[in-house]
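As a plain string of letters, each chain reads:
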Amino acid sequence: MATTLTLPASMPCLICETANKPDAVVCSKCYAPMALIHEAYVQQREPCIVSIIGDSNVGKTVYLGMLLDMLTKRAGDFEAVPKGAYSVNLQHTVISYLAARKFPPKTPTEVDQWHWAYYQIAKKRGTRLYDLVMPDMAGEALAAEIAAPKTYTVIRNLLDKSAGALLLVDAAVAAAGSPQPDFFALKLLSYLDGVFAHKPGQRIDAPVGIVLCKADYCPDSFDDPRRFAHTNLNRVWNLCETRFSHYEFFAASCVGALGYGQDEEGNIIPHPLHVSPRGILEPFEWILSKL
Ligand SMILES: Nc1nc2c(ncn2[C@@H]2O[C@H](COP(=O)(O)OP(=O)(O)OP(=O)(O)O)[C@@H](O)[C@H]2O)c(=O)[nH]1
Ligand SMILES: [Mg+2]
Ligand SMILES: [Zn+2]
C-alpha cells in the first residue's frame, strides 16, 4: 500500500525560511516556488543549492538548460532525475528554441518568472546522490542586487544558502578587449566573498567555478582556460587567488556554427545553426567533486 505524506499546516521556505501556507504557489516573501519546498519535504533531505550567476546576456539560461538536458540524457555517466515537472521547464524551453535554430529569450527580472530546477543527481548508478537546486536568475536582477543590496532579497538568501556557485563570464567580449566582463565578475565575486565569509580574514571554502561562455568565438580559451583568464580577466584571477580556496576556470560553448538574421526591429541577431555542446559538464563535475 502506498504511503502518503501529509503536508504540515505551515512550511518554511527553503530559501528565506518564511512560514508559508502549504497550498501557496510561491513563497510570500521571496517568490521561490513552493513546489521546491514540497519536494524537499517529501525527500526529507535538505537539498544542496548551486547558483548560476553572471551578467545579463553571458549565456546562463543556455548553459543551464543544456547542462540539465545532458545530465538527463546520462552524459558522462551521470544519472539525473528531475523532481517535479516544473524542473523540466528550463531544459524544455532551451532545447526547443535551439532545435528551432533560435536562442531562448532573456530571463525576465520578475522572480516568480524564473525557472527553478530541482534534480537528484548521481555520478554513477548506486553512488552518492546529490539533491541539487539550480535557479536560472536574470542577470539584470543580479546587477541590481549588487548595486543596491537587498533590492532582491531572494538573491542574497539564495547565495547565502548555496554550497557553491558557477560564475559565467562572456569570454568573447573579454577576448575582444572589453573590461566589462572582468569588472562585473569582480563585483559578483566580491559580493560572494561578503556572503560566504564566515570569519574575517579566512579564505572562502565554497567552490566557485568560473565558466568562460561562448568560447566558440575564441577557441584558444579551450586550450588553456587559466591562461585565458590570467590574461583577459586579470582582476578576477587575482581576487580568486587571494580570497578563494577552491576555484577553477573552464571554457564552454553550446553551439558549433552560427548564422545571422534580423529580428522584427531589424537588429542583426545570431542563430545557432548547429548545436554542439563543448565543456558543459566539466565545471559541474568539478563543483560536485568539491561539495
Ligand atoms: N556563440 C555563442 N553564443 C551564445 C552561447 N550561449 C549563449 N549565446 C548568446 O548569448 C545570448 C544570451 O544567452 P542567455 O543564455 O539568454 O543569457 P543569460 O545569461 O541567461 O541572460 P539574462 O537572462 O539576461 O541574464 C544568446 O541569445 C546567444 O546570442 C554559446 O555557447 N555560443
Ligand atoms: Mg537568462
Ligand atoms: Zn522564501
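The rules behind the values
Residues numbered from 1 in each chain as written. Chains lettered and ligands numbered in written order. Predicted model: local features only at pLDDT ≥ 70, side-chain atom pairs only at ≥ 80, totals over all residues. Core = buried A, V, L, I, M, F, W, Y, C linked by C-beta atoms within 7 Å. Buried ≥ 20, exposed ≤ 12 C-beta atoms within 10 Å, placed from the backbone. Helix = DSSP H or I, 4+ residues; strand = E, 2+ residues; numbered from the N terminus. Contact = placed C-beta atoms within 7 Å. Pairing = 2+ DSSP bridges. Arc of directions from axis to C-beta. Near = placed C-beta within 6 Å. Nonpolar A, V, L, I, M, F, W, Y, C, P; charged D, E, K, R; others polar. Axes fitted to C-alpha atoms, helices over the stretch in contact; angles between N-to-C directions. Parallel < 35°, antiparallel > 145°, perpendicular 65-115°, else oblique. Left-handed = near helix turned anticlockwise from the far one by under 90°. pLDDT = per-residue confidence, 0-100.

Chemist: Can you help me understand the nonpolar core in this one?
Modeler: The tendency in soluble globular proteins is for nonpolar side chains to be buried as a group. Tyr 63, Leu 167, Val 169, Val 211 and Leu 212 are the most contacted members of the largest nonpolar core, which totals 87 residues. For this core, the element with the most residues is helix α2 (residues 60–72), which contributes 7 residues. Apart from residues lying up to four places away in sequence, Leu 212 is in contact with Val 169, Ala 171, Ser 221, Pro 225, Phe 228, Phe 249, Phe 250, Ala 251 and Ala 252.

Chemist: Would you explain the pairing of strand β3 (residues 48–54) in this entry?
Modeler: The side chains of a regular strand alternate between the sheet's two faces. Counting buried positions along β3 yields 6 of 7 residues, so the element is predominantly enclosed. When β3 meets strand β6 (residues 129–136), the two strands line up parallel, connected through 3 bridges. Following the sheet pairing, Ile 52 is matched in β6 by Asp 136. Two strands pair when backbone bridges link them, and β3 and strand β7 (residues 162–170) are joined in this way by 6 bridges, in the parallel orientation. Of the residues in β7, the one forming a bridge with Ile 49 is Ser 162.

Chemist: Would you take a moment to explain the environment of Tyr 191 for this structure?
Modeler: Among the secondary structure elements, Tyr 191 is positioned in helix α7 (residues 180–196). A tally of 18 C-beta atoms within 10 Å means that Tyr 191 is categorised as partly exposed. Note: C-alpha distance between Tyr 191 and Ala 32 (159 residues apart in sequence) is 21 Å.

Chemist: What am I meant to see in helix α11 (residues 281–290) here?
Modeler: Side chains of residues three or four places apart in an α-helix project in the same direction, reflecting 3.6 residues per turn. Looking only at α11, the buried set comprises Pro 283, Phe 284, Ile 287 and Leu 288. Take α11 and look down its axis: the buried residues cluster within an arc of 135°, on one side only. On its buried face, α11 sits against β3, α2, β6, β7, β8 (208–213) and β9 (247–251).

Chemist: What should I look at first to understand the pairing of β7 in this one?
Modeler: Counting buried positions over the 9 residues of β7 gives 8, a clear majority of the element. Note: β7 against β8, 6 bridges, orientation parallel. By the bridge assignment, Leu 167 is partnered in β8 with Ile 210.

Chemist: Would you mind showing me how to read the environment of Ile 52 here?
Modeler: Tracing the chain through its elements places Ile 52 in strand β3. For Ile 52 and Val 211, which are 159 residues apart along the polypeptide, the C-alpha to C-alpha distance reads 9.9 Å. Not counting residues up to four positions away in its chain, the partners in contact with Ile 52 are Lys 60, Leu 64, Met 134, Asp 136, Leu 166 and Leu 168.

Chemist: What exactly am I supposed to notice about the site of ligand 1 here?
Modeler: If you check the shell around ligand 1, you find 23 residues, and the closest are Gly 59, Thr 61, Phe 103, Thr 107 and Gly 139. Residues belonging to the shell around ligand 1 are distributed by class as follows: 11 nonpolar, 8 polar and 4 charged.

Chemist: Looking at this model, I keep getting lost on the environment of Glu 264. Mind explaining?
Modeler: Among the structural elements, Glu 264 can be located in the loop between β10 (253–262) and β11 (268–278). Glu 264 sits 236 residues away from Ser 28 along the chain, and the two C-alpha atoms are 37 Å apart.

Chemist: Please explain the packing of α7 against helix α10 (residues 234–243) as it appears in this structure.
Modeler: Packed helices, taken two at a time, are described by the angle between their axes plus the distance between the axes. In contact at an axis separation of 8 Å, α7 and α10 are set at 20° when each is read in the N-to-C sense. Here α10 runs roughly parallel to α7, going by the angle between their axes. Handedness of the α7/α10 crossing: left-handed. Judged by residue contacts, Asp 182, Ala 185, Leu 186, Leu 189, Ser 190 and Asp 193 of α7 engage Asn 234, Arg 235, Val 236, Leu 239 and Arg 243 from α10.

Chemist: Which parts of the structure should I look at to understand the confidence of the model for the protein chain?
Modeler: Regions with low pLDDT should not have their predicted coordinates read in detail. Averaged over every residue, the pLDDT of the protein chain is 91; residues scoring 70 or more account for 98%. Mean pLDDT per element in the protein chain: helix α1 (residues 34–43) is the minimum at 80, and β9 is the maximum at 98.

Chemist: Would you take a moment to explain the sheet that holds β8 for this structure?
Modeler: The strands making up a sheet are joined through hydrogen bonds of the backbone, oriented either antiparallel or parallel. Across the sheet, which stays open at both edges, the 7 strands sit in the order β4-β5-β6-β3-β7-β8-β9 with mixed pairing between neighbours. Strand pairing shows two members of the sheet lacking a second neighbour, β4 (79–82) and β9, which therefore form its edges. Averaged over all adjacent pairs, the angle separating strand axes in this sheet is 25°, with direction ignored. The pairing of β4 with strand β5 (residues 115–122) spans 4 bridges and is antiparallel. Directly across from Val 81, in β5, lies its bridge partner Gln 120.

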